[in-house]
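Listed below, chain by chain, are the residues.
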Amino acid sequence: MYQKFIINQDGVMKFGNVYMHRDLLDKGERCPFGGGLWKIDNSRGAIMLYGRSFDFGRPDFDFLKSVDWSFLGGKEHPLLFLPHWPDESIVEPVQINGTY
């Protein structure tokens, strides 16, 4: 199992431990906005997002409207994207509904 995320058709980011990104979809749900991998960075207190989904492509955060935190115990965390992973020297904050 792998730590993966998707952004569904409603702009909701969902996290899980799955083999395939499509395993994160509920019945009737689609993933037009991609996905990737995630890991917790305890030193930053953030969720690091990186990579891309083989099922749905690179994440498009422009369509991100909300985050389903239930998989992570319901606790919100800052989201940081590593656009050139595995190079972690560039880190971009992920915007949700116009906020960081």
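See above for the structure.
Reading guide: rules and limits
- Residues numbered from 1 in each chain as written.
- Predicted model: local features only at pLDDT ≥ 70, side-chain atom pairs only at ≥ 80, totals over all residues.
- Heavy atoms only, no water.
- Helix = DSSP H or I, 4+ residues; strand = E, 2+ residues; numbered from the N terminus.
- Buried < 20%, exposed > 50% of the residue type's maximum accessible area, 1.4 Å probe, protein only.
- Contact = heavy atoms within 4.5 Å.
- Areas by Shrake-Rupley, 256 points an atom, 1.4 Å probe, with all protein chains shown as cover.
- Lys, Arg positive; Asp, Glu negative; His and termini not counted.
- Charge placed at Lys NZ, Arg CZ, Asp CG, Glu CD.
- Core = buried A, V, L, I, M, F, W, Y, C linked by side-chain atoms within 4.5 Å.
- Pairing = 2+ DSSP bridges.
- Salt bridge = Lys/Arg side-chain N within 4 Å of Asp/Glu carboxyl O.

J.: Would you mind going over the overall build of the protein in detail, with residue names and values included?
T.: Looking only at helices and strands, the protein has 0 helices and 7 strands in total. Listed by position from the N terminus, the elements making up the protein come as β-β-β-β-β-β-β. Taking the principal axes of its C-alpha atoms as reference, the protein extends roughly 35 × 25 × 25 Å. When each of the 100 residues of the protein is scored for burial, the buried share is 42%. Considering only contacts in the protein between residues 6 or more positions apart, those separated by 24 or more positions represent 50%. Of the accessible surface of the protein, which amounts to about 5,900 Å², a share of 50% is contributed by carbon and sulfur atoms. Counting 11 positive and 13 negative side-chain charges, the protein places the averaged centre of each group 4 Å from the other.

J.: Can you tell me about the nonpolar core, naming the residues and giving the values?
T.: In terms of nonpolar packing, the biggest core is built from 17 residues, with Met13, Phe15, Ile47, Leu49, Phe61 and Leu79 touching the most fellow members. Of all elements in the fold, only strand 1 (2-7), strand 2 (12-18), strand 4 (46-50) and strand 6 (79-82) reach the threshold of two or more residues within this core. Beyond its immediate stretch of four places on either side in the chain, leucine 79 contacts Met13, Phe15, Ile47, Leu49, Val67, Trp69, Glu92, Pro93, Val94 and Ile96. In terms of nonpolar packing, the next biggest core, distinct from the first, is built from 5 residues, Ala46, Tyr50, Leu80 and Leu82 among them.

J.: So what about the pairing of strand 3 (residues 35-41)? Which residues, and what values?
T.: Relative to strand 3, strand 1 is paired through 3 bridges, and the arrangement is antiparallel. Residue pairing in the sheet places isoleucine 6 in a bridge with glycine 35 of strand 3. Taken together, the 5 bridges between strand 3 and strand 4 define a ladder with antiparallel strand orientation. If you follow lysine 39 over to strand 4, its bridge partner there is methionine 48. As consecutive antiparallel partners, strand 3 and strand 4 are separated by 4 residues, and within that stretch glycine 45 has a phi angle of approximately 65 degrees, a positive value.

J.: If you had to explain the pattern of salt bridges to someone new, which residues and values would you point to?
T.: Taken as a whole and judged by the stated rule, the model has 5 salt bridges. For the salt bridge of lysine 14 with aspartate 26, the shortest nitrogen-to-oxygen distance reads 3.3 Å. Placement of lysine 14 in strand 2 and of aspartate 26 in the loop between strand 2 and strand 3 is noted, with a sequence separation of 12 residues between them. Close ionic contact of glutamate 29 with lysine 14 constitutes a salt bridge, the shortest N to O distance being 2.8 Å. Of the two residues, glutamate 29 is situated in the loop between strand 2 and strand 3 and lysine 14 in strand 2; the sequence distance between them amounts to 15 residues. Comparing glutamate 29 with lysine 14 shows no difference in burial state: the two are buried. Connected through salt bridges with shared partners, the residues Lys14, Asp26 and Glu29 form a single ionic network.

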